[in-house]
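So you can see what is in the structure, the chains are spelled out below.
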Amino acid sequence: YKVPSTYLWARTMQDMDVSRPFQKLRRNLLLPLQLLLASLLTLMLMQPVILGETGKDYIFVLDASGSMQAKEGTMTRFETGIAQIREMIRASGEGDSYLLITAGPMPQIVLSRTDDRDAALRALEKLHCESSVGDMNAALSLAGAVREEGGEIHVFTDQDPGDSLVNVHAMHSADNAYIQSLSVEDGQLFIRFGN
C-alpha cells in the first residue's frame, strides 16, 4: 500500500506507548523544572533554619548573707561581687543571656533569663544584702535546675560551695565573721557574731 504520510501511525504508536506501565522517560525540559519547583516548595514548607553560633548562658549566684557585709578594703564583699558581675556582663558577647539568683535566707531569682544587657545591669543596682544566714545549697540547687546545656554557673560568695560544677569567685581574704545582732538588756550591750 502507498500512503501519503506516516504521521498518523506515529501518533498511534505514541498513544500505545503511553498506555504501557513501564517506559523510558523522554527528554523533556518541563520535568526538571517541575521537580525543582516541587523541591523548593517542600523546603519552604519545612522552614529550614541555618543556626549560627549561639551566645553563652550566664547564671550568676550572689551570696546575700550577712557575712557579705564585711569590708574588704573600701568595698563590702557584696559590693565587690556586684562589681565583678557587672564587669562580666559588660565584657560578654552579643546574644549572651543572664540569670541572677541571690542566696539569702530564701534563694530568689531576681532576674529571669534575658539577653538584655541593660536590664541585667539595672537589676544589679536594686540588690541589697541581708543581715541573716544565706542558704547557698538551696541557691545552687535552684541554679542547677534552671541551667541549660552549656550554661555557666558563677558563684560570688565568701563560703566554699563545695560544688565542682560551678565557677567560684571568692570574696574573702580574712576570717568569715559578722555581727548577727545587737541588743541592749539591763544596760548591757550584747553582740551576737556569726561565722
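Once a new chain begins, its residue numbering starts again from 1 and follows that chain's sequence as written. Per-residue local features of the predicted model are confined to residues with pLDDT of at least 70, and side-chain atom pairs are confined, for both listing and counting, to 80 or more; whole-chain, interface and lining totals are unaffected and use all residues. Side-chain metrics in this entry use all non-hydrogen atoms of the structure; hydrogen atoms and water are not considered.

Some remarks on the overall build of the chain
- Looking only at helices and strands, one finds five helices and nine strands in the chain.
- Numbered from the N terminus, helices here are DSSP runs of H or I no shorter than four residues, and strands are runs of E no shorter than two. Put simply, the chain runs from its N terminus to its C terminus through helices and strands in the order α-α-β-β-β-α-β-β-α-α-β-β-β-β.
- Residue exposure (1.4 Å probe, protein chains only): buried if accessible area is under 20% of the type maximum, exposed if over 50%, otherwise partly exposed. The buried share of the chain, reckoned over its 195 residues, is 30%.
- Across the chain, contacts joining residues at least 24 apart in sequence account for 60% of those joining residues at least 6 apart.
- Accessible surface, the chain as shown: approximately 14100 Å² in total, 56% of it carbon and sulfur. The contact criterion used is simple: two residues touch if any of their non-hydrogen atoms lie within 4.5 Å. Methods summary: accessible areas were calculated by the Shrake-Rupley approach with a probe of 1.4 Å, and residue burial reflects only the protein chains presented.

Some remarks on the nonpolar core
- Put simply, buried Ala, Val, Leu, Ile, Met, Phe, Trp, Tyr and Cys residues joined by side-chain atoms within 4.5 Å make one nonpolar core. One finds Phe60, Leu62, Phe78, Ile85, Ile89 and Leu124 to be the most contacted residues of the largest nonpolar core, which totals 19 residues.
- Among the secondary structure elements, those contributing two or more residues to this core are strand 1 (57–63), helix 3 (77–91), strand 4 (97–103) and helix 4 (117–125).
- Not counting the four nearest positions on each side in its chain, Phe78 is found in contact with Leu62, Asp63, Ala64, Met68, Leu127, His128 and Cys129.

Things to note about the packing of aromatic side chains
- Between 30 and 60 degrees the pair is tilted, below 30 it is stacked and above 60 it is edge-to-face, where a pair is any two Phe, Tyr or Trp rings, Trp via its six-membered ring, whose centres lie within 6.5 Å. If you walk through the whole model with that rule in mind, you get three aromatic pairs.
- Judged by centre distance (5.8 Å) and plane angle (5°), the rings of Tyr58 and Phe60 are stacked.
- When the ring of Phe60 is compared with that of Phe156, the centres are 6.2 Å apart and the planes differ by 50°; the resulting orientation is tilted. Residue Phe60 is located in strand 1, and its partner Phe156 is located in strand 6 (residues 152–157); the two are separated by 96 residues in the primary sequence.
- Overall, the relative accessible area of 0% leaves Phe156 in the buried class.

Some points on helix 2 (residues 30–46)
- In a helix, the anticipated span is given by 1.5 Å times the number of residues less one. The first and last C-alpha atoms of helix 2 sit 24 Å apart over 17 residues, in line with the 24 Å expected at 1.5 Å per residue.
- Phi turns positive, to about 50°, at Gln47, one or two residues after helix 2.

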